[in-house]
Amino acid sequence: MVKASDLTDSWNTIKEVDLRPLVQQALNGVRIALVGRPGSGRKTLAEQMRQDPARPASLSDAPVLVLDLETAPNDLEADLIILLVDDRQADVSLEQEAALGWTNAGGRVLVFINQFEQPEEQRLPVAWTDWRRRRVVKGSALDDDFLVKKFAPAVIDLLPERLLGLGRYFPLFRLPVAHHLINDTCLSNAGYSLSTGLAEIVPVFDIPLNVADMVVLTKTQAYLVFKLGLALGFSTRWQDYVAEFGSVLGSGFLWRQMARSLVGLIPVWGIVPKVAVAYSGTYVVGNVILQWYLTGRHISPRQMSELSRQAFAKGKSVAQNLLKKAPRPRLPKLQRPRLPGLPKPRLPRLPARKPKQLPPPQVIQVCPACGKANAEDASFCQYCGKSLKVEE
């Protein structure tokens, strides 16, 4: 049975692990270059990235390279190059040539087609027809909804290893990065819980996995809390998160452990609820942190209960989808025990059998008197007693 001290052990494990790479990734930030013609909206987009629409007072002075398209070098050194294009512009051959050069040099390029407010009938025809599989987003740099729902996910897809720095220095990306981290951890915990749940169908695996799985899930949630804090611009010391969110993780731990005990009574039937519990518990923990970032307050017990119900329903749907794709477990094959050092016993080979030969056909004599068959060496018929020799 999992003990209450395992929660403390999870934080102690985090303490023992080297967290400096995560902290360094968050503090290094991201080098982003905005390239375009004059009037394409480069400076507008730079200012939009430095503020969070959910918290207008949250501003940043993160550096951004703002370059003119005609003078930008082909070997531009940046983690991400955002090429801005005016949607009213008819000729984009120069933009396409520059994007091709940066891509060939190993750069990551995102094409941002900036839509300006203008009556539809006054717009010039659009000439871009082929961006050669590059990531392209189209919308207004002044539209907060577009920036959060379309532009930010595109940037996240192109910079999966820079998410902590992206959110920490560019507030526009904080909520999308937080949702990405929460969703990724929820799916990871659900996948882990599914794998151990399937293994529990085999009786020989049941005992060790019942003890270990909840410790692993809680440890993963503690990592999520720390990464969310880094991405949202909070402290780089993990001890600060223990003081602020220790009670949240503790209550979540006990709630999940109770649910785990109930569904574990019937292992086969309990797979879907178990995966749903792992998913929903992680979802609740992540959204508690996010709510604290947005409002500065922890959610109430009533809000926690409502959030848990919603998360559990979503977790059941995820569990059913994962279960459909999971391979069915098979019982292990039993092998005959063998003493170490002894050769594997082998059955002796039997000599090959020769095919049986049929006896040669017998020659018989037919009695000329009664017509019955007699032996080859007989002189008289055994039936009528007459001589078998034909008189000449």
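Rules behind the numbers
Residues numbered from 1 in each chain as written. Predicted model: local features only at pLDDT ≥ 70, side-chain atom pairs only at ≥ 80, totals over all residues. Heavy atoms only, no water. Helix = DSSP H or I, 4+ residues; strand = E, 2+ residues; numbered from the N terminus. Buried < 20%, exposed > 50% of the residue type's maximum accessible area, 1.4 Å probe, protein only. Contact = heavy atoms within 4.5 Å. Pairing = 2+ DSSP bridges. Axes fitted to C-alpha atoms, helices over the stretch in contact; angles between N-to-C directions. Parallel < 35°, antiparallel > 145°, perpendicular 65-115°, else oblique. Nonpolar A, V, L, I, M, F, W, Y, C, P; charged D, E, K, R; others polar.

### Concerning the environment of leucine 322
Move 1: Mapping leucine 322 onto the fold places it in helix H11 (residues 301-325).
Move 2: Accessibility expressed as a relative area gives 27% for leucine 322, which makes it partly exposed.
Move 3: Expressed as a C-alpha distance, the spacing of leucine 322 and valine 272, which sit 50 residues apart in the sequence, is 9.3 Å.
Move 4: Leaving out residues up to four positions away in the same chain, leucine 322 has contacts with Ala190, Gly191, Leu194 and Val275.

### Regarding the pairing of strand S1 (residues 32-36)
Move 1: Most of S1 sits inside the fold, with 5 of its 5 residues counted as buried.
Move 2: Here S1 shows two buried faces, one formed by Ile32, Leu34 and Gly36 and the other by Ala33 and Val35.
Move 3: Bridge analysis of S1 against strand S5 (residues 80-86) gives 5 bridges, and the strand direction is parallel. Of the residues in S5, the one forming a bridge with glycine 36 is leucine 84.

### A few points about the sheet that holds S1
Remark on secondary structure: sheet strands pair via backbone hydrogen bonds, oriented parallel or antiparallel.
Move 1: Spatially, the 5 strands line up as an open sheet ordered S4-S1-S5-S6-S7, and their pairing is parallel. At either margin of the open sheet sits one strand with a lone partner, and together these are strand S4 (65-68) and strand S7 (135-139). Averaged over all adjacent pairs, the angle separating strand axes in this sheet is 25°, with direction ignored.
Move 2: Alignment of S5 against strand S6 (residues 109-114), held across 6 bridges, turns out to be parallel. Across the sheet, residue isoleucine 81 finds its bridge partner in S6, namely valine 109.
Move 3: Its contacts with the sheet put helix H3 (residues 42-49) on S1, S4, S5 and S6, and the angle it makes with S1 is roughly 155°.
Move 4: Packing against the sheet, helix H5 (residues 144-158) makes contact with S5, S6 and S7, and its axis sits at approximately 165° to S7.

### Structural notes on the packing of H3 against H5
Move 1: Running from N to C, H3 and H5 point in directions that differ by 75°, and their axes come no closer than 12 Å. Between H3 and H5, the angle falls in the class roughly perpendicular. Of the residues in H5, those touching H3 at Leu45, Gln48 and Met49 are Asp144, Leu147 and Phe151.
Move 2: Of the residues belonging to the contact of H3 with H5, the class tally is 4 nonpolar, 1 polar and 1 charged.

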